[in-house]
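# Descriptive structure summary
Listed below, chain by chain, are the residues.
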Amino acid sequence: MKIKALVGICALSSMVGCASYNANPYTALADNQHAIQEAAKKANGGKVGLETITLKDTVSPSLTCRAAGPVNPAPGKTVQQYIEEALKMELYMGGVYVPEARNRIRAQLTSLGFSSVGDAHWALGLHLASDSLPQGYNADVKYPFSASFFADYACRDVAEAFAPAVQQLVRKAVTAPEFQQLIAPLAESGLIQK
């Protein structure tokens, strides 16, 4: 009887160890689009493209939750791809995204992590720069959420909190005062006098 119980516990722990926790699909926010549209008006209708989002060397893309399994933004996508698609969606719906635009946003994920115990939160950081704002600026968020005591449930909580954490990261990026300059139209060299 003890052997059956031990085999059952081992089987259960091996199943938990193999679990994978997927985030919900990203959904655009009207507040983000409104902020983008307002910035575009102030920037005289700037249009931008978006380069592939990169990961800073010091940031690990591996997201394992309590040794229970990996947290994935979406099956077959990296965190960078998830955030890139989110930002692209918001820029497009805000009316400023044009794939072939001369002004290109370059973004790098500068921090990526979460805690599923105590002060449960996602910590995300993004550095954004463009041809019209080469020095760029940072957008950083610490998105709090409630996490269960039990590992399996807590890891599901982590995955479910990822999409709203990214929404908040995009909001921080597009409401920053520098965003207006980030999307400002590039000056035509022949028209500008120095």
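Conventions we followed
- Residues numbered from 1 in each chain as written.
- Predicted model: local features only at pLDDT ≥ 70, side-chain atom pairs only at ≥ 80, totals over all residues.
- Heavy atoms only, no water.
- Helix = DSSP H or I, 4+ residues; strand = E, 2+ residues; numbered from the N terminus.
- Expected span 1.5 Å × (residues − 1).
- Buried < 20%, exposed > 50% of the residue type's maximum accessible area, 1.4 Å probe, protein only.
- Phe/Tyr/Trp six-rings, centres within 6.5 Å; stacked < 30°, edge-to-face > 60°.
- Core = buried A, V, L, I, M, F, W, Y, C linked by side-chain atoms within 4.5 Å.
- Contact = heavy atoms within 4.5 Å.
- Patch = residues over 30% accessible without salt bridge, like charges linked within 9 Å, V, L, I, M, F, W, Y side chains within 5 Å.
- Areas by Shrake-Rupley, 256 points an atom, 1.4 Å probe, with all protein chains shown as cover.
- Salt bridge = Lys/Arg side-chain N within 4 Å of Asp/Glu carboxyl O.
- Pairing = 2+ DSSP bridges.
- Axes fitted to C-alpha atoms, helices over the stretch in contact; angles between N-to-C directions.
- Parallel < 35°, antiparallel > 145°, perpendicular 65-115°, else oblique.
- Left-handed = near helix turned anticlockwise from the far one by under 90°.
- Nonpolar A, V, L, I, M, F, W, Y, C, P; charged D, E, K, R; others polar.
- Arc of directions from axis to C-beta.

Across its 15 residues, helix α3 (residues 79-93) extends 21 Å between first and last C-alpha, which sits within 8% of the 21 Å expected from 1.5 Å per residue. Among the residues making up α3, those that are buried are Val79, Gln80, Tyr82, Ile83, Glu84, Ala86, Leu87, Glu90 and Leu91. Among the residues trailing α3, Gly95 stands out with phi positive, at a value near 85°.

Under the criterion given, the structure shown has 4 aromatic pairs. Both rings, one in Phe114 and one in Trp122, keep their centres 5.0 Å apart while their planes meet at 55°; by these two values the pair is tilted. Take Trp122: its relative accessible area is 0%, and that puts it in the buried class. One aromatic cluster is present, built from ring pairs that chain together Tyr26, Tyr82, Phe114, Trp122 and Phe162.

A few words on the nonpolar core. Judged by nonpolar contacts, the single largest core of 57 residues is most densely connected at Leu91, Trp122, Leu124, Leu128, Val166, Phe179 and Ile183. Those elements giving two or more residues to this core turn out to be α2 (30-42), α3, β6 (104-115), β7 (121-130), β8 (133-144), α4 (151-175) and α5 (179-182). Per-element accounting of this core gives the leading share, 12 residues, to α4. If we ignore the near neighbours within four places in the chain, the residues touching Leu128 are Leu87, Ile105, Arg106, Ala107, Gly136, Tyr137, Ala139, Ala173 and Leu182.

Where nonpolar side chains cluster on the molecular surface, the patch consists of Met89, Tyr92 and Met93 and spans about 320 Å² of accessible area. On the basis of relative accessibility, which here comes to 43%, the residue Met93 falls in the partly exposed class.

In regular strands, side chains alternate between the two faces of the sheet. With 9 bridges connecting them, β7 and β8 associate as antiparallel partners. In the strand pairing of β8, Leu126 is matched with Ala139.

With that out of the way, let us pick up the packing of α2 against α3. Between α2 and α3, the shortest axis-to-axis distance is 8 Å and the interhelical angle comes to 60°. When the axes of α2 and α3 are compared, the pair comes out oblique. Taken as a pair, α2 and α3 cross one another with a handedness that is right-handed. Residues Asn32, Gln33, Ile36 and Gln37 of α2 touch α3, and the partners they reach there are Glu90, Leu91 and Met93. Its residues placed into classes, the contact of α2 with α3 shows 3 nonpolar, 3 polar and 1 charged.

Now for the pattern of salt bridges. Think of it this way: side chains of opposite charge can pair up when their charged atoms draw near. Counted by the stated rule, this structure contains 6 salt bridges. Close ionic contact of Asp131 with Arg106 constitutes a salt bridge, the shortest N to O distance being 3.3 Å. Taken together, the positions of Asp131 in the loop between β7 and β8 and Arg106 in strand β6 put the pair 25 residues apart, joining distant regions of the chain. Classification of Asp131 as partly exposed rests on a relative accessible area of 35%. Exposure remark for Arg106: the relative accessible area of 34% places this residue in the partly exposed category.

All right, on to α2 then. Over its 13 residues, α2 extends 19 Å from the first C-alpha to the last, a length consistent with the 18 Å expected when each residue adds 1.5 Å. If you check which residues of α2 are buried, you get Asn32, Gln33, Ala35, Ile36, Ala39 and Ala40. Down the axis of α2, the buried side of the element spans an arc of 160°, and every buried residue falls inside it. Along α2, the residues that are exposed and aim more than 90 degrees away from the buried face are Ala30, Asp31, Lys41 and Lys42. In the stretch just after α2, Asn44 is the one whose phi turns positive, near 60°.

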